[in-house]
Amino acid sequence: MIEFIDVTKSYDGDAPAVENVSLRLPARSITVLVGSSGSGKTTLLRMVNRMVDPTSGRVEIDGEDVAARPPVALRRGIGYVPQHSGLLPHRRVIDNIATVPLLNGEPKAAAHRRASELMDVVGLDASLAGRYPAQLSGGQQQRVAVARALAGDPNILLMDEPFGAVDPIVRAELQQETLRLQHELRKTIVFVTHDIDEAFLLGDEVVILRRGGRVAQRGTPADILADPVDAFVAAFIGSDRGRRRLTISSRRPTTGADRVVVDAGGYPVGVIAAPAGQLAAGDPTPRSRGTRMAG
Ligand SMILES: Nc1ncnc2c1ncn2[C@@H]1O[C@H](COP(=O)(O)OP(=O)(O)OP(=O)(O)O)[C@@H](O)[C@H]1O
């Protein structure tokens, strides 16, 4: 579990980028931090691996203050995927992915074997192993960045707008790949985006931030969609425009399981996996965890 305990960060004595934020992010699920530009998402994310140290307060991982860990060692155990891949331009794909295992002292052959496996895991063709990052598409570069982040087998993966710079079709592919990967790997993922649709698609839990990192609302996508706490959240998720009025349809009406939450545009925003008979037909307020985008 990752816990922010009353953290504040002021850069250069400016007004705080985040102020008195306390948040617990559960292990082995995807928490999405979403908010408009400047709300402090990246600042919070980078506090986890000490790319940013709080001005006051602390961040704990499984009860241990990250400030007690040397940043370099800490970062080797935490995968990080930035918006623009951050790949080393003069190293081949395979070497980029193998970076952390090599730094951890693995023999080169074993590190390359692991890197090849990861290329397969993230859906990269083996023929790309010898290319340099500039010889890849933006989407392929982001896949390499995900593989590189996974190479040290970290428990935690930090993703900072990782698909923000790729076109919508590739972006949708990468989002689905992320869900597939998480289904297999069960990492603790903190994902930053300013795109509420992406947040609802990927997040087991979504944290909507106001300026200064203040939490406007957190919950499952279905909770937030069904019950925005105030006008700010309603405006942010678009429900004030009637765009997201929720309905629930059942894919298997006879059992009542696997109900699909659908917005007013017919856009599926989640699935409620419930044992047969637990939800009345047409229940308008899904509360179950395990909300997930319909396939
Ligand atoms: N290194 C820095 N030095 C000075 N100010 C900074 C620095 N990094 C961020 N800030 C300021 O802190 C505030 C929060 O920035 P942050 O990048 O955390 O927000 P964000 O929600 O991730 O925004 P975006 O979506 O635009 O990336 C902003 O006002 C920003 O200008």
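In this text, all values refer to a predicted model and were calculated from it rather than measured experimentally.

1. Structural notes on the overall build of the protein chain
So, step 1. When helices and strands are counted, the protein chain shows ten helices and 13 strands.
So, step 2. Per-residue burial over the protein chain gives 39% buried out of 295 residues.
So, step 3. When contacts within the protein chain are restricted to residue pairs at least 6 apart in sequence, long-range pairs at least 24 apart make up 58% of them.

2. Details of the environment of Arg131
So, step 1. The residue Arg131 is located in the loop between helix H5 (108–121) and helix H6 (138–150) in this model.
So, step 2. Through-space distance from the C-alpha of Arg131 to that of Asn49 is 29 Å; in sequence the pair is 82 residues apart.
So, step 3. Excluding anything up to four places from it in sequence, Arg131 contacts Arg92, Val93 and Leu136.

3. Notes on the site of the ligand
So, step 1. Around the ligand sit Tyr11, Asp12, Ala17, Gly35, Ser37, Gly38, Ser39, Gly40, Lys41, Thr42, Thr43 and His194, and that is every residue in its neighbourhood.
So, step 2. The greatest single-element share of the shell around the ligand, amounting to three residues, is contributed by helix H1 (residues 41–48).
So, step 3. Of the residues belonging to the shell around the ligand, the class tally is two nonpolar, eight polar and two charged.

4. Thoughts on the sheet that holds strand E2 (residues 18–25)
So, step 1. Taken together, the four strands give an open sheet; going across it, the order is E2-E1-E4-E5, and neighbouring strands pair in antiparallel fashion. Because the sheet does not close on itself, it has two edges, and the strands there are E2 and strand E5 (64–65).
So, step 2. Sheet analysis places strand E4 (residues 56–61) next to E5, joined by two bridges and oriented antiparallel. Paired with Glu60 across the strands is Asp65, a residue of E5.
So, step 3. Across the sheet, H1 is in contact with strand E1 (2–9), E2 and E4; its angle to E1 comes to roughly 125°.

5. Regarding the sheet that holds strand E3 (residues 30–35)
So, step 1. The mixed open sheet is built from six strands, whose spatial order is E6-E7-E8-E3-E9-E10. Here the strands that pair on one side only, and so sit at the sheet edges, are strand E6 (78–81) and strand E10 (215–219). Averaged over all adjacent pairs, the angle separating strand axes in this sheet is 15°, with direction ignored.
So, step 2. As paired elements, E3 and strand E9 (residues 205–209) share five bridges and run parallel to each other.

6. Some thoughts on the pairing of strand E7 (residues 156–160)
So, step 1. By the criterion of burial, E7 is predominantly enclosed, with five of the five residues buried.
So, step 2. Because side chains alternate across E7, one face comprises the buried residues Ile156, Leu158 and Asp160, and the other comprises Leu157 and Met159, equally buried.
So, step 3. Bridge count between E6 and E7: four bridges; the pairing is parallel. Note that in E7 the partner of Tyr80 across the bridge is Leu158.

7. Examining the environment of Leu201
So, step 1. Among the secondary structure elements, Leu201 is positioned in helix H8 (residues 196–202).
So, step 2. Residue Leu201 is classed as buried on the basis of its C-beta count, with 24 C-beta atoms lying within 10 Å.
So, step 3. On a C-alpha basis, the gap between Leu201 and Asp167 in space is 17 Å, while along the polypeptide they are 34 residues apart.

8. Here's the deal with the confidence of the model for the protein chain
So, step 1. Overall, the prediction assigns the protein chain a mean pLDDT of 85, with 81% of residues at 70 or greater.
So, step 2. Low pLDDT, under 50, characterises residues 252–256; the stretch is placed with eight contacts to residues that sit more than four places away or in other chains.
So, step 3. With pLDDT under 50 throughout, residues 275–295 is counted as low confidence; its partners more than four residues away or in other chains account for 42 contacts.

9. Here we look at the UniProt feature "domain: ABC transporter" (unreviewed entry) in the protein chain
So, step 1. Residues annotated by UniProt as "domain: ABC transporter" (unreviewed entry) correspond here to residues 2–237.
So, step 2. Structurally, residues 2–237 comprises 38% helix and 23% strand, and the distance from its first C-alpha atom to its last is 26 Å.

10. Remarks on unusual backbone geometry
So, step 1. Its identity is not glycine, yet Asp6 carries a phi of approximately 50°, on the positive side.
So, step 2. Tracing the sequence through the fold places Asp6 in strand E1.
So, step 3. A residue is classified by how many C-beta atoms lie within 10 Å of it, and Asp6, with 12 of them, is exposed.
So, step 4. Even without glycine at this site, Asn20 takes up a positive phi of about 50°.

11. Considerations on the nonpolar core
So, step 1. Ranked by internal contacts, the top residues of the largest apolar core, which has 63 residues, are Val32, Leu33, Val48, Ile97, Ala147, Leu158 and Val190.
So, step 2. Here this core gets six residues from one element, more than from any other, and that element is H6.
So, step 3. Not counting residues up to four positions away in its chain, the partners in contact with Val32 are Phe191, Thr193, Ala199, Leu202, Gly203, Val206 and Val207.

12. A few points about H1
Think of an α-helix as turning once every 3.6 residues; residues three or four places apart then point the same way.
So, step 1. With seven of its eight residues buried, H1 lies for the most part within the structure.
So, step 2. Listed in full, the buried residues belonging to H1 are Lys41, Thr42, Thr43, Leu44, Leu45, Met47 and Val48.
So, step 3. Within two residues after H1, Arg50 carries a phi angle of roughly 65°, on the positive side.

Reading the values: the criteria
- Note on numbering: residues in each chain are counted from 1, in written sequence order.
- At least 70 in pLDDT is required for a residue's local features to be given in this predicted model, at least 80 for side-chain atom pairs to be given and counted, and no such filter applies to totals for whole chains, interfaces and linings, which use all residues.
- A helix here means a DSSP run of H or I that spans at least four residues, while a strand means a run of E at least two residues long, and both kinds are numbered starting from the N terminus.
- Residue burial here comes from a neighbour count, namely the number of other C-beta atoms, placed from the backbone, that lie within 10 Å of the residue's own C-beta, with 20 or more meaning buried, 12 or fewer meaning exposed, and in between meaning partly exposed.
- Throughout, a pair of residues is in contact if the C-beta atoms placed from their backbones lie within 7 Å.
- Using the backbone to place each C-beta atom, any residue with that atom within 6 Å of a molecule or strand is considered near it.
- Under the convention adopted here, Pro, Cys and the residues Ala, Val, Leu, Ile, Met, Phe, Trp and Tyr are nonpolar, Asp, Glu, Lys and Arg are charged, and Gly plus all remaining residues are polar.
- Pairs of strands are assigned from DSSP output, requiring at least two bridges between the strands.
- To define axes, lines are fitted to C-alpha atoms, for helices over the stretch in contact only, and angles between the resulting N-to-C directions are given on a 0 to 180 degree scale.
- pLDDT runs from 0 to 100 and stands for how confident the predictor is about each residue.
- UniProt positions are given in the numbering used here, feature names are shortened, and annotations may be inferred rather than shown by experiment.
- A set of buried Ala, Val, Leu, Ile, Met, Phe, Trp, Tyr and Cys residues, joined through C-beta atoms within 7 Å, is what we mean by a nonpolar core.

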